[in-house]
Amino acid sequence: ELRCGTCGGHLGDRFLDGKLFLDTAAFESGTRHCIDGAALTFMPEGGGKDDMVFGDTPLKPAGAPPSEPDWLKPPAIKARAAS
């Protein structure tokens, strides 16, 4: 298991099956790493904090207010017709 050196959060896993993957860096080291997408932060070269992409969060237009992912939003509730 790979953990953050700062907070101890789970970042991914390390597997010792690298020798199964011929002609790769995993074969050379004997290890393979699986990093969770949510643990990654991407910053474009020359970009600022507004251009950062966090894990599997979709890219937002610059200056857009933060929003929660769709899977966290409550389901829409439709009112019943009066009888």
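Calculation notes
- Residues numbered from 1 in each chain as written.
- Predicted model: local features only at pLDDT ≥ 70, side-chain atom pairs only at ≥ 80, totals over all residues.
- Heavy atoms only, no water.
- Helix = DSSP H or I, 4+ residues; strand = E, 2+ residues; numbered from the N terminus.
- Contact = heavy atoms within 4.5 Å.
- Areas by Shrake-Rupley, 256 points an atom, 1.4 Å probe, with all protein chains shown as cover.
- Pairing = 2+ DSSP bridges.
- Buried < 20%, exposed > 50% of the residue type's maximum accessible area, 1.4 Å probe, protein only.
- Patch = residues over 30% accessible without salt bridge, like charges linked within 9 Å, V, L, I, M, F, W, Y side chains within 5 Å.
- Salt bridge = Lys/Arg side-chain N within 4 Å of Asp/Glu carboxyl O.
- pLDDT = per-residue confidence, 0-100.

Considering the overall build of the protein
Part 1 of the reasoning: Helix and strand counts for the protein come out as one helix and five strands.
Part 2 of the reasoning: Seen in sequence order, the protein has helices and strands lined up from the N terminus as β-β-α-β-β-β.
Part 3 of the reasoning: A fraction of 10% describes how many contacts in the protein between residues 6 or more apart in sequence connect residues 24 or more apart.
Part 4 of the reasoning: With an accessible surface of roughly 7300 Å², the protein has 59% of that area assigned to carbon and sulfur atoms.

Details of the pairing of strand E2 (residues 10-15)
Part 1 of the reasoning: As judged from the two bridges shared by strand E1 (residues 2-3) and E2, these two strands associate in the antiparallel manner. By the bridge assignment, Arg3 is partnered in E2 with His10.
Part 2 of the reasoning: Bridge count between E2 and strand E3 (residues 32-35): four bridges; the pairing is antiparallel. Within the sheet, the bridge partner assigned to Phe15 lies in E3 and is Arg32.

So, unusual backbone geometry
Part 1 of the reasoning: The backbone phi angle of Asp23 is positive, close to 60 degrees, even though this residue is not glycine.
Part 2 of the reasoning: A relative accessible area of 79% means that Asp23 is categorised as exposed.

Here we look at the sheet that holds E3
Part 1 of the reasoning: Ordered by their spatial adjacency, three strands build an open sheet running E1-E2-E3, and the pairing between neighbours is antiparallel. Unpaired on one side and paired on the other, E1 and E3 mark the two borders of the sheet.

With respect to a nonpolar patch on the surface
Part 1 of the reasoning: On the surface, a cluster of nonpolar side chains totalling about 250 Å² of accessible area is made up of Ile35, Leu40 and Phe42.
Part 2 of the reasoning: For Leu40, the location among the structural elements is in the loop between E3 and strand E4 (41-42).
Part 3 of the reasoning: Residue Leu40 is classed as partly exposed on the basis of its relative accessible area of 32%.

Re the confidence of the model for the protein
Part 1 of the reasoning: Summary statistics for the protein give a mean pLDDT of 80 and a share of 82% for residues scoring 70 or more.
Part 2 of the reasoning: Within the protein, strand E5 (residues 53-54) has the poorest average pLDDT of any element, 70, and helix H1 (residues 25-29) the best, 92.

A short note on the pattern of salt bridges
Part 1 of the reasoning: Taken as a whole and assessed by the stated rule, the structure comprises two salt bridges.
Part 2 of the reasoning: Between Glu1 and Arg3 there is a salt bridge, with the nearest N and O atoms lying 3.2 Å from each other.
Part 3 of the reasoning: Classification of Arg3 as partly exposed rests on a relative accessible area of 47%.

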